[in-house]
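Structural description and commentary
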Amino acid sequence: MDLLATTSAVAVSSYALLSTVYKSAQALYARPASPASLRDGLGQAEVALPSVDVIVPSFNEDPNTLSECLASIASQDYAGKLQVHVVDDGSANRDLVGPVHKIFANDPRFRIILLAKNVGKRKAQIAAIRSSSGDLVLNVDSDTILAADVVTKLVLKMQDADVGAAMGQLIASNRNETWLTKLIDMEYWLACNEERAAQARFGAVMCCCGPCAMYRRSALALLLDQYETQFFRGKPSDFGEDRHLTILMLKAGFRTEYVPDAIAATVVPDSLGPYLRQQLRWARSTFRDTFLALRLLPELDGYLTLDVVGQNLGPLLLALSSLAALAQFVIGGSIAWWTLLTIAAMTMVRCSVAAFRARDVRFLGFSLHTPINVFLLLPLKAYALCTLSNSDWLSRKVVNVTTEGEKKAVIPHATTGISSARSGVSSGATRKPGLSHRPSSLPATERVCGRDRSTAYK
């Protein structure tokens, strides 16, 4: 009993110490850049605007969701050349998304690519990348809606030739649907405005997230073959494409950046089943590419080493302390108060800091994420580590579901920034008048070929 109590106390104390150092450094480096540098960059961007290819891979997507995604791209206020490549990856519901393809095919900026069979998101992206020629490539998930100035703001960041990739800020478009979507929206804010923002201070964002990430074509040309032929333990590795491509960019010597005011709203899982399947897939991807990223650390700032240690050793210490506390209770019937109080204190401090930084009291409710993390996500990560060779997407099953009506997306107007994104402004605010009719022109459908709310490609 003394051994269990001591193990739990030492592990949770080590976790508290590591977490305090890591999160303090993260908060320090996550401070936003000065507005003055942004204005200076805009002046430079007006001199020469690079051409941009937008790649939208789609698999069994809901027609209304796809239409909203494409309409937000069509409504971009970017003054340079913009070409959009919509890749249907052998969808089983092609008869339902066909009307969407037909509507946007009338726009000369849009090109619809229909693949004969399902080849996976990565190969669908590559098919469009190889057949396009823009200076920059923007990958967008088919269930994501972009604010009208996203392309412009990402292009601004890419004006620096040393930058190989840049991502925007993600929010949950269906944030208000369930308690889980609200938690995930806060999780996205923390991941973007703490983790990515701090990494970007050193030009080394470790994962430019798939829903909205821009790449330099000249850099992609050097890495595309490696990206396409990723293997793990002798087997093709298909998921985790965004993290792997980001690591390849860093290995090649390019900077990877985060642009907080380039806002994209994406659909997130609204129930635990799809959420846990998504997290399992992401955990496997993270573990696979963390081993690859370790080789980069000697060349990067010391904070990035702390970041990797904090993200990997921290959960291990938390899991060890929780297991020891649980064993202490089961075997001896005693409660590990020090462990419980330490975890509770760390949770409230983190949520309070997030509420202060975001100027949003709802982040105090993120404390609910701690029991989910301890009892569900930590065991799931352990299982992911034991099954790294498994490349099953887990959410690509096609089923028939009944539509619940067209969803309203949460997306800010280009001039309103993050605060209005949180207030639930309709996606129509991002569209130009001539394009606002597109989603409503779709024929009504009673049944669609559906998949987990995490989407087939997430």
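In what follows, the structure referred to is the one given above.
Residues numbered from 1 in each chain as written. Predicted model: local features only at pLDDT ≥ 70, side-chain atom pairs only at ≥ 80, totals over all residues. Heavy atoms only, no water.

**Quick notes on the overall build of the protein chain**
This is how the line gets drawn: Helix and strand assignments come from DSSP, with helices taken as H or I runs of at least 4 residues and strands as E runs of at least 2, each series counted from the N terminus. Residue exposure (1.4 Å probe, protein chains only): buried if accessible area is under 20% of the type maximum, exposed if over 50%, otherwise partly exposed. Contact between two residues is taken to exist if any of their heavy atoms lie within 4.5 Å; hydrogens are not considered. Accessibility throughout is a Shrake-Rupley quantity obtained with a 1.4 Å probe, and a residue counts as covered only by protein chains that appear here.
A count of helices and strands for the protein chain gives 14 helices and twelve strands. Taken across its 458 residues, the protein chain has 55% of its residues classed as buried. The contacts in the protein chain between residues at least 6 apart in sequence include a share of 86% that link residues at least 24 apart. Accessible surface for the protein chain amounts to roughly 19300 Å². Of this, 61% is attributable to carbon and sulfur atoms.

**Concerning a nonpolar patch on the surface**
Stated precisely, the cut-off is as follows: Residues with no salt bridge and a relative accessible area higher than 30% make up the patches, which join like charges within 9 Å and nonpolar side chains (Val, Leu, Ile, Met, Phe, Trp, Tyr) within 5 Å. For this analysis, a salt bridge means a side-chain nitrogen from Lys or Arg found within 4 Å of a carboxyl oxygen belonging to Asp or Glu.
Among the surface-exposed residues, L326, F329, V330, I331, I335, W337, L340 and L341 lie close enough to one another that they form a single nonpolar patch of about 860 Å² accessible area. When contributions to the nonpolar patch are tallied by element, the ones reaching two or more residues are helix 11 (302-332) and helix 12 (337-358). For the nonpolar patch, the leading source of residues is helix 11, giving four residues. On the secondary structure map, W337 appears in helix 12.

**Considerations on the sheet that holds strand 6 (residues 163-172)**
Keep this limit in mind: For two strands to be treated as a pair, DSSP must find no fewer than two bridges joining them. Note on definitions: angles span 0 to 180 degrees between N-to-C directions of axes, and those axes are lines fitted to C-alpha atoms, for helices only across the stretch in contact.
The strand order 3-2-1-4-7-6-10-5 describes an open sheet built from eight strands, whose pairing is mixed. Each having just a single partner strand, strand 3 (110-114) and strand 5 (144-146) make up the two edges of the open sheet. Each neighbouring strand pair of the sheet contributes to a mean axis angle of 30 degrees, computed without reference to strand direction. The pairing of strand 5 with strand 10 (residues 255-266) spans three bridges and is classified as antiparallel. Looking at the pairing, I145 lines up with A265 of strand 10.

**Describing the state of the cysteines**
Under the convention used in this document: Cysteine sulfur atoms that pair up within 2.5 Å are treated as a disulfide.
According to the stated counting rule, one finds zero disulfides in the structure shown. Free of any disulfide, C192 has its nearest cysteine sulfur in C209, 5.9 Å distant. Judged by relative accessible area, C192 falls into the buried class, the value being 3%. C209 provides the cysteine sulfur closest to C207, a residue in no disulfide bond, and the two sulfurs are 4.5 Å apart. Classification of C207 as buried rests on a relative accessible area of 6%.

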